[in-house]
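Topology and contacts: notes
Below are the chains, spelled out letter by letter.
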Amino acid sequence: MRGWAGRLGLDSFLVGLLSMVALAWAAPAVGRSGGPLHLDLVATYGVALVFALYGLTLPPERLKAGLLNWRLHLVVQLATFALFPLVIWGGLRLFGGGLDPDLALGLFFLAALPSTISSSVAMTAIAGGNVAGAIFNASLSSLLGVVLTPLLVNAYLASAGAGMDLGRVLLKIMLLVVLPIVVGQILRRWLAGWAARHAAALKHADRVTILLIVLNSFSDSVADGVWDGFGPVSLAGVAGLSLVLMALVYALLGGVSRMLGFTREDTIAARFCGTKKSLAAGVPMAKIMFGASPALGVVILPIIVYHLLQLIAAGILARRLGSARPA
């Protein structure tokens, strides 16, 4: 996309996400489970495809670059899997009494997700930060999230007097996430060159799968009347909370980086990797963890909103930092 959308960091994927939500709202019968497109089956097996492509396109060298910069790695991973969940959990305990339980779960699910890879690295590069450190941390975060995200969500549900079948969830994650990643990594031995030549097509296949999962999830929730109690105020509230959360973590990471004596490059990498949350990992993992629940659309709403806002905010900040970098 060009013009103002390009300057803000928006792309066709974001337009696609908003279009899927609009289509689900206007014609939920099209994309609902058991409907004419059978998207429930596409979504289930598409999860494995998403992570197999991730394994196929992830060079192991990424995890070797900048391996010894352990302070940067520790800060980013703690921000991703400790600071975010603690802030949201504390906020929900203090102010979330009147919040819909499914929306509250969606907010905590957002907080428990790993960082995103592509935009973290891209924004770090635009801002003049430590690109090798960003690649390492974003990739490591995605791998850690396979285990840490369901454990954190289960702990949250247990604290609320609920819970989930953690054994079943972890087994599904092993079969639909870990195994495909391993298979993808093994196939790199023969297909690495092919994957590099067709990187754009593989990225589109990944994104189309995610869009279909979003359409299926929102269609089910609209068809089952889950959204009847929600309105523009709820959406505005999620957007406002997302902005506050992003700004708070960004500021805290800046303070921690100064306290630890990070270079400008490491500070930029810490801030951009530590404030991002992965929609690409979040939507498939939500499908695994929460199954065919009609409320799945509500649960993934916060990550869709956060994805939009993080692209806009990070795009603006990255360009400002890039233009202000020392000569």
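Before going into details, it helps to say that this report is about the structure given with it. (Residues numbered from 1 in each chain as written. Predicted model: local features only at pLDDT ≥ 70, side-chain atom pairs only at ≥ 80, totals over all residues. Heavy atoms only, no water.)

Focus: helix H11 (residues 232-259)
Operational definition: Working definition: helices are DSSP H or I runs of at least four residues, strands are E runs of at least two. Numbering for both runs from the N terminus. Expected span of a helix: the number of residues minus one, times 1.5 Å. The rule is simple: take the accessible area with a 1.4 Å probe, protein chains only, and divide by the maximum for that residue type; under 20% is buried, over 50% is exposed, in between is partly exposed. We call two residues contacting when some pair of their heavy atoms lies within 4.5 Å.
The end-to-end C-alpha distance of H11 is 41 Å, a good match for the 40 Å that 28 residues give at a rise of 1.5 Å each. Of all the positions in H11, only Val238, Ser242, Leu245, Met246, Val249, Tyr250, Leu253, Gly254 and Ser257 are classed as buried. On the buried face of H11, the contacting elements are helix H5 (70-95), helix H6 (101-112), helix H12 (264-274) and helix H14 (296-323).

Comments concerning the nonpolar core
In plain terms, the rule: In this text, buried Ala, Val, Leu, Ile, Met, Phe, Trp, Tyr and Cys residues form a nonpolar core when linked through side-chain atoms within 4.5 Å.
Counting residues in each nonpolar core, the largest one holds 76 residues, and the members touching the most others are Phe109, Val153, Val214, Phe290 and Ile300. It is H14 that contributes the most residues to this core, 10 residues altogether. Ignoring anything within four residues of it in the chain, the contact list for Ile300 reads Val214, Ser217, Phe218 and Ala286. Listed in part, the 6 residues of the second largest apolar core include Met123, Ile268, Ala314 and Ala318.

What about helix H13 (residues 279-290)?
The criterion, for reference: By the criterion applied in these results, polar contacts are pairs of N or O atoms within 3.5 Å in which, for protein atoms, one can donate a hydrogen and the other can accept it, and in which residues neighboring in sequence qualify only through two side-chain atoms.
In this model, H13 (12 residues) spans 16 Å end to end at C-alpha, consistent with the 16 Å of a helix rising 1.5 Å per residue. Extensive coverage of H13 is indicated by the burial of 11 of its 12 residues. Residue Ser278 occupies the N-cap position of H13, its side-chain oxygen lying 3.4 Å from the main-chain nitrogen of Ala280. Phi for Gly291, located one or two positions after H13, is positive at around 60 degrees.

A look at the environment of Leu215
Structurally, the position occupied by Leu215 is in helix H10 (residues 199-223). Taking the C-alpha atoms as reference, Leu215 lies 28 Å from Gly274; in sequence the two are 59 residues apart. Those residues in contact with Leu215 that sit more than four places away from it in its chain are Met20, Leu23, Ala24, Gly31 and Leu39.

A word on a nonpolar patch on the surface
Inclusion rule: Here a patch means residues that are over 30% exposed by relative accessible area and free of salt bridges, tied together within 9 Å if like-charged and within 5 Å if nonpolar (Val, Leu, Ile, Met, Phe, Trp, Tyr). Each accessible area is a Shrake-Rupley result for a 1.4 Å probe, and residues are judged covered by the shown protein chains and nothing else. Just to be clear on terms, a salt bridge is a Lys or Arg side-chain nitrogen sitting within 4 Å of an Asp or Glu carboxyl oxygen.
Where nonpolar side chains cluster on the molecular surface, the patch consists of Leu171, Met174, Leu175, Leu179, Val182, Val183, Ile186, Leu187 and Trp190 and spans about 860 Å² of accessible area. Checked against the element boundaries, Leu175 lands in helix H9 (residues 166-197).

Comments concerning the side chain of Ser219
If you trace the backbone, Ser219 turns up in helix H10. Not counting the four nearest positions on each side in its chain, Ser219 is found in contact with Ala24, Pro28, Gly31 and Arg32.

Regarding the environment of Ile181
As for its placement among the helices and strands, Ile181 is situated in helix H9. A sequence separation of 130 residues divides Ile181 from Phe51, and the C-alpha atoms of the two residues are 5.4 Å apart. Sequence-distant contacts of Ile181, that is, excluding residues within four places in its chain, are made with Phe51, Tyr54, Gly55 and Leu143.

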